[in-house]
Amino acid sequence: MIINEIIEELKLNQLSGEKNSMKTVDGVYICDLLSWVMANGSKGDIWITVQTHLNIIAVASLLEMPMIIVPESIEVEEETLAKADEENIIVCTSELDSFTLACKLNEMGM
Amino acid sequence: MKELSMHILDIAQNSVHADSKLVEIEICENIEKNIFEIRIKDDGKGMDEETLKKVTDPFYTSRTTRKVGLGIPMLKSAAENCDGYFSMKSEVGKGTELTATFRYDHIDRAPLGNIVDTVVTVVISDINIDFIYRHNVDDRCFELDTREIKEVLGDVPLNNIDVICWIKDHVKEGLEKIKQ
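Report follows, based on the coordinates. (Residues numbered from 1 in each chain as written. Chains lettered and ligands numbered in written order. Predicted model: local features only at pLDDT ≥ 70, side-chain atom pairs only at ≥ 80, totals over all residues.)

**Here's the deal with the packing of helix α5 (residues 115-125) of chain B against helix α7 (residues 161-179) of chain B**
All names here are of chain B.
Consideration 1: Two elements in contact, α5 and α7, have axes separated by 9 Å at closest approach and are oriented at 140°. Between α5 and α7, the angle is such that the two are oblique. Relative to α7, the crossing made by α5 is right-handed. Together, Val-116, Val-119, Val-120, Val-123 and Ile-124 of α5 and Ile-164, Ile-167, Lys-168, Val-171, Lys-172 and Leu-175 of α7 make up the contact between the two elements.
Consideration 2: The residue makeup of the contact of α5 with α7, split by class, is nine nonpolar, no polar and two charged. (Axes fitted to C-alpha atoms, helices over the stretch in contact; angles between N-to-C directions. Helix = DSSP H or I, 4+ residues; strand = E, 2+ residues; numbered from the N terminus. Parallel < 35°, antiparallel > 145°, perpendicular 65-115°, else oblique. Left-handed = near helix turned anticlockwise from the far one by under 90°. Contact = placed C-beta atoms within 7 Å. Nonpolar A, V, L, I, M, F, W, Y, C, P; charged D, E, K, R; others polar.)

**Notes on the interface of chain B and chain A**
Consideration 1: Taken together, the nine residues of chain B in the interface contact nine residues of chain A.
Consideration 2: Those elements that place two or more of their residues in the side of chain B that touches chain A are α3 (58-63) and α4 (71-80) of chain B.
Consideration 3: Its residues placed into classes, the side of chain B that touches chain A shows six nonpolar, two polar and one charged.

**Description of the sheet that holds strand β5 (residues 90-93) of chain A**
Consideration 1: Strand order in this open sheet of five strands is β1-β5-β4-β3-β2 (chain A), and the pairing throughout is mixed. The open sheet has two free edges, formed respectively by β1 (13-14) and β2 (27-30) of chain A, since each of these has just one partner strand. (Pairing = 2+ DSSP bridges.)

**Observations concerning the sheet that holds strand β4 (residues 95-103) of chain B**
All names here are of chain B.
Consideration 1: Pairing is mixed in the open sheet, where six strands are placed in the order β3-β4-β2-β1-β5-β6. Both edges of this open sheet fall to β3 (85-91) and β6 (140-145), since each of them pairs with a single strand only. Along the sheet, successive strands turn relative to each other by an average axial angle of 10°, direction set aside.
Consideration 2: With seven bridges joining them, β3 and β4 adopt antiparallel strand pairing. Bridged to Met-88 within β4 is Leu-98.

**Looking at the pairing of β6(B)**
All names here are of chain B.
Consideration 1: Bridge count for strand β5 (residues 130-137) against β6 is six bridges, and the pairing is antiparallel. Bridge pairing in β6 places Asn-136 opposite Cys-141.
Consideration 2: Counting the residues between successive antiparallel strands, the hairpin from β5 to β6 contains two residues, one of them, Asp-138, with a positive phi of roughly 50°.

**Concerning the environment of Asn160(B)**
Residues and elements named next belong to chain B.
Consideration 1: Looking at the element boundaries, Asn-160 is found in the loop between α6 (146-153) and α7.
Consideration 2: Overall, Asn-160 belongs to the partly exposed group, with 13 C-beta atoms counted inside 10 Å.
Consideration 3: Spatially, the C-alpha atoms of Asn-160 and Ile-124 are 9.4 Å apart, while their sequence positions differ by 36 residues. (Buried ≥ 20, exposed ≤ 12 C-beta atoms within 10 Å, placed from the backbone.)

**Structural notes on helix α3 (residues 55-63) of chain A**
All names here are of chain A.
Consideration 1: Counting buried residues along α3, seven of its nine residues qualify, which places the element largely inside the surrounding structure.
Consideration 2: For α3, the complete set of buried residues consists of Asn-55, Ile-56, Ile-57, Ala-58, Val-59, Ala-60 and Ser-61.
Consideration 3: Positive backbone phi, approximately 55°, marks Glu-64, located one or two places after α3.

**A few points about the packing of helix α1 (residues 4-16) of chain B against α5(B)**
Residues and elements named next belong to chain B.
Consideration 1: Between α1 and α5, the shortest axis-to-axis distance is 9 Å and the interhelical angle comes to 10°. Between α1 and α5, the crossing angle belongs to the class labelled roughly parallel. Side by side, α1 and α5 meet where Ser-5, Ile-8, Leu-9, Ala-12 and Val-16 of the first sit next to Ile-115, Thr-118, Thr-121, Val-122 and Ser-125 of the second.
Consideration 2: Taken together, the residues that form the contact of α1 with α5 break down as six nonpolar, four polar and no charged.

**Thoughts on α5(B)**
Consideration 1: Residues Ile115(B), Thr118(B), Val119(B), Val120(B), Val122(B) and Val123(B) constitute the buried set of α5(B).
Consideration 2: Buried-residue contacts for α5(B) involve α1, β5, β6, α6 and α7 of chain B.

Treat this as a map of the structure, not an account of what it does.
So this is what it looks like as C-alpha cells:
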C-alpha cells in the first residue's frame, strides 16, 4: 500500500520525511519495546509505537521500516524528527490509539 | 529488553571485547531507598572523551561496527524512563565504568530476570578474564570472584561442565539467601 494514501485516509499528521511519498509498505508491526521490535519487526512494515526517543529512528533504519506512526497525539522530540529527515523515515502522529489505527489499516486492506 | 539481565549481558560483552583483565558487575537493590542500580566496570582499553560522547548515540554505534550496538542507548533510555539516570566514565588505557539507576518501584522498570544464567554465561564467555559479580539487597551481599574459584581449581578450567554447574548452583543459592 502506498504511504501517501495511508496518510490521507487516516488523516495523519506527517512530521518528517518526504511529502507525498509513493513508497509502499507491506505490513504493520505494533510494539513499544525496542529490542523486541529489533528481533521481530520486518522490512517494509509500518511501525506503531508510543516511544518517541531518537532510538526509534535507529531501529527503523536498521530494519528498513519506512514509516512510524505515533498514536494518541504524543509529542515527538525535535532531535528524533531531525534524524528521521536525515534517514528519510516518515514519522506521523495520529489522535487515534494503536488499536484503532490497526483496525483502520486492516479495513484499508493491510 | 524485557529483562534487565539482558542489558547486563549485552553491556558486559562490551567489557569482554575491550581487552579487559577484570570485569566487575554490581547490582544494588535498595528497597528502603527505592533504588535499583546496575554498575559495570572494567579495566579494558577505555575510550577517549570524544568516543564516550558518541556511544549513547545509536547512530554512532549501529552505523560503524556492531560491537557496541544499540545496547548502551537502550539501557540509557530504560533508566531515564524509570526516573533514573545513566552515566559512563572512561579513560584510555584504564577502563570504563557504567552506572544505570532506576527507581525501584517504577511501573516501567523491567524485572531483573534470569540473572543466574546471565552471570554464568558472562563468566565463562572468556575464561582468561576475571569477573566479580556483587549483588546487594539492602544490607545483604553476595559476591562471586572468579579469581578465588580459579585458585581452588588449579589446572581445571572454569568452563569445565562440573565447574559451570557448581557456579550456577552457588549463585542461585547465594541469591536466595540475600533475597530473604
